[in-house]
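# A look at the structure
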Amino acid sequence: VGWRDADFLKPIITVGVPYTNIMPCNHKMMELASAVCEAVEAEGGKPMLACCPAISDGNTQGTLGMRYSLVSRESIADAIELMHEGYAADGMITLGGCDKTVPG
């Protein structure tokens, strides 16, 4: 998967990415995350992606999916925390798109 023994001696930096390809404010998040990962590597760290859900008010408005938009913030925060703590990472950078795709 691209990790070498020496990578585990570097600070592991969680990069929290709320990504989906269904809404404009999050569809380029993987490009931004790649740039962040390159910067982390350039500074001597090892980035670890923590991808998480992204629910849009605009896309779900007027549907049953609207029930999931607001509470998805907690799921985003939980998903990033789960990855960060589960892999005992040393630091964290989180990205946000729309107002509902920012960790709560």
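Coordinates for the structure precede this section.
Here the structure is a predicted model, which is why all the values come from computation and not from measurement.

## Here we look at the sheet that holds strand β1 (residues 12–18)
- Judged by pairing direction, the sheet is parallel, and its three strands sit side by side in the order β2-β1-β3 without closing on themselves. In this open sheet, the two strands that pair with only one neighbour each are β2 (46–52) and β3 (91–94). With strand direction ignored, the average angle separating the axes of adjacent strands in the sheet is 25 degrees.
- Pairing geometry for β1 and β2, over seven bridges, is parallel. By the bridge assignment, Gly 16 is partnered in β2 with Ala 50.
- Where helix α1 (residues 29–42) meets the sheet, its contacts fall on β1, β2 and β3, and the angle it forms with β2 comes to roughly 160 degrees.
- On top of the sheet, helix α4 (residues 72–86) reaches β1, β2 and β3; it is set at about 150 degrees to β2, its chief contact.

## Some points on the pairing of β2
- Of all seven residues making up β2, five are buried, and the element is well covered by its neighbours.
- With α1 bridging β1 and its parallel neighbour β2, the resulting β-α-β unit is right-handed.

## Observations concerning the nonpolar core
- Residues Ile 13, Val 15, Val 17, Met 29, Ala 33, Val 36, Cys 37, Val 40 and Leu 95 constitute the largest nonpolar core, which totals nine residues.
- Contributing elements (two or more residues each) for this core: β1 and α1.
- The element that contributes the greatest number of residues to this core is α1, accounting for five residues.
- Not counting chain neighbours up to four residues away, the residues in contact with Cys 37 comprise Val 15, Pro 47 and Leu 49.

## Topic: the pattern of salt bridges
- Applying the stated criterion to the full structure yields three salt bridges.
- With its nearest N and O atoms 3.1 Å apart, the salt bridge here joins Asp 7 to Lys 10.
- Residue classification places Lys 10 among the partly exposed positions, given a relative accessible area of 28%.
- Measuring nitrogen to oxygen at the nearest pair gives 3.3 Å for the salt bridge that ties Lys 46 to Glu 41.
- Residue classification places Lys 46 among the buried residues on the basis of a relative accessible area of 9%.
- Residue class for Glu 41 comes out partly exposed when judged on its relative accessible area of 35%.

Calculation rules
Residues numbered from 1 in each chain as written. Predicted model: local features only at pLDDT ≥ 70, side-chain atom pairs only at ≥ 80, totals over all residues. Heavy atoms only, no water. Pairing = 2+ DSSP bridges. Helix = DSSP H or I, 4+ residues; strand = E, 2+ residues; numbered from the N terminus. Axes fitted to C-alpha atoms, helices over the stretch in contact; angles between N-to-C directions. Contact = heavy atoms within 4.5 Å. Buried < 20%, exposed > 50% of the residue type's maximum accessible area, 1.4 Å probe, protein only. Right-handed = clockwise from strand over helix to strand, strands pointing away. Core = buried A, V, L, I, M, F, W, Y, C linked by side-chain atoms within 4.5 Å. Salt bridge = Lys/Arg side-chain N within 4 Å of Asp/Glu carboxyl O.

No statement about biological role is implied by the geometric values presented.
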